[in-house]
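# Structural characterization, general
The primary structure of each chain is shown beneath.
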Amino acid sequence: MKFDELVQWCLDRSTIPRTDIYTDRGSRIDHVVKYENGDELHHIEIYKNSEEKHIQDIINGKTVRSADFIFLDFGWREVIA
């Protein structure tokens with residue numbers, strides 16, 4: 001799933017009541033969004049070091065996006081293989 005499609009998926013559910021759960025485990029940050037209609041978005045960021053991270057987005061138990069990022073002078077940039 002492309003980033004724009006993921007954003008649209010979230011926007012389509014913007015009026016549905018939800019519960020947000022944030023968990024910070026040092027080099028790993030989990031953000032789980034549970035919608036009242038049963039949908040669930042799980043966003044994971046794993047920091048390899050201060051300049052590299054890996055992200056995963058999981059919707060209803062299925063990984064829809066996985067990407068690596070590096071930090072450059074002007075912010076995070078996705079690593080394109």
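Here, the structure is the one placed above.
Within any chain, residue numbers begin from 1 and follow the written order of that chain's sequence. For a predicted model such as this one, the threshold for reporting local features is a pLDDT of at least 70, and the threshold for listing and counting side-chain atom pairs is 80 or more; totals across whole chains, interfaces and linings nevertheless cover every residue. Heavy atoms throughout the structure, all of them, feed into the side-chain values; hydrogens and water do not.

Pairing between strands requires that DSSP locate at least two bridges from one strand to the other. Runs of H or I in DSSP of at least four residues are treated as helices and runs of E of at least two as strands, each being numbered from the N terminus. Note that strand β1 (residues 18-24) and strand β2 (residues 28-35) share seven bridges and pair antiparallel. Across the sheet, residue isoleucine 21 finds its bridge partner in β2, namely valine 32. Hairpin connection between β1 and β2: a loop of three residues separates the two successive antiparallel strands, and glycine 26 in this loop has a positive phi of roughly 75 degrees. Sheet topology note: the β2/strand β3 (residues 40-49) ladder contains seven bridges and is antiparallel.

Where a protein is soluble and globular, its nonpolar side chains tend to be buried together. We define a nonpolar core as any set of buried Ala, Val, Leu, Ile, Met, Phe, Trp, Tyr and Cys residues linked to one another through side-chain atoms lying within 4.5 Å. Buried, partly exposed and exposed residues are distinguished by accessible area as a fraction of the type maximum, computed with a 1.4 Å probe on protein chains only: under 20%, between the cut-offs, and over 50%, respectively. Among the nonpolar cores identified, the biggest contains seven residues, and these are Leu6, Trp9, Val33, Tyr35, Leu41, Ile59 and Val64. At the level of elements, α1 (3-12) and β2 are the ones that each hand at least two residues to this core. Residues are treated as being in contact if the distance between any of their heavy atoms lies within 4.5 Å. Those residues in contact with tyrosine 35, other than ones at most four positions away along the chain, are Trp9, Cys10, Arg13, Ile16, Pro17 and Arg18.

Attention now moves to a nonpolar patch on the surface. On the surface, Phe3, Val7 and Leu11 cluster together into a nonpolar patch covering about 270 Å² of accessible area. Inspection of the secondary structure puts valine 7 in helix α1. A residue counts toward a patch only above 30% relative accessible area and without a salt bridge, and it is joined to like-charged neighbours within 9 Å or, for Val, Leu, Ile, Met, Phe, Trp and Tyr, to nonpolar neighbours within 5 Å. To be clear on the numbers: accessible area is Shrake-Rupley with a 1.4 Å probe, and residue cover counts the displayed protein chains and nothing else. Each salt bridge in this description consists of a side-chain nitrogen of Lys or Arg and a carboxyl oxygen of Asp or Glu lying within 4 Å of one another.

This brings us to the layout of surface pockets. Taken as a whole, the largest pocket holds about 270 Å³ of empty space. For the lining of the largest pocket, the secondary-structure elements that each account for two or more residues are α1, β1, β2, β3, β4 (52-59) and β5 (62-72). Among the elements that line the lining of the largest pocket, the one with the most residues is α1, at four residues. Residues are grouped as follows: Ala, Val, Leu, Ile, Met, Phe, Trp, Tyr, Cys and Pro are nonpolar; Asp, Glu, Lys and Arg are charged; every other residue, Gly included, is polar. Per-class residue counts for the lining of the largest pocket are nine nonpolar, two polar and six charged. Space inside and on the surface of the protein is sampled on a 1 Å grid over the protein atoms alone, with a cavity defined as a set of points where a 1.4 Å probe fits but cannot get out and a pocket as an open set with protein on both sides within 12 Å along at least 5 of 7 lines; lining residues have an atom within 4 Å of a point. Grid points are joined across faces, edges and corners, and a volume is the space filled by probe spheres set on the points.

Glancing now at the environment of aspartate 20. The residue aspartate 20 is located in strand β1 in this model. When the C-alpha atoms of aspartate 20 and lysine 34 are compared, they prove to be 6.6 Å apart, with 14 residues separating the residues in sequence. Every residue in contact with aspartate 20, bar those within four places of it in the chain, is listed here: His31, Val32 and Val33. Pairs of N or O atoms within 3.5 Å make up the polar contacts considered here, provided that, within protein, one atom can donate a hydrogen while the other can accept it, and that residues adjacent in sequence are counted only when both atoms are side-chain atoms. A distance of 3.1 Å separates the side chain of aspartate 20 from the side chain of arginine 18, its partner in a polar contact. In terms of polar contacts, aspartate 20 uses its side chain to reach the side chain of histidine 31, at 2.8 Å.

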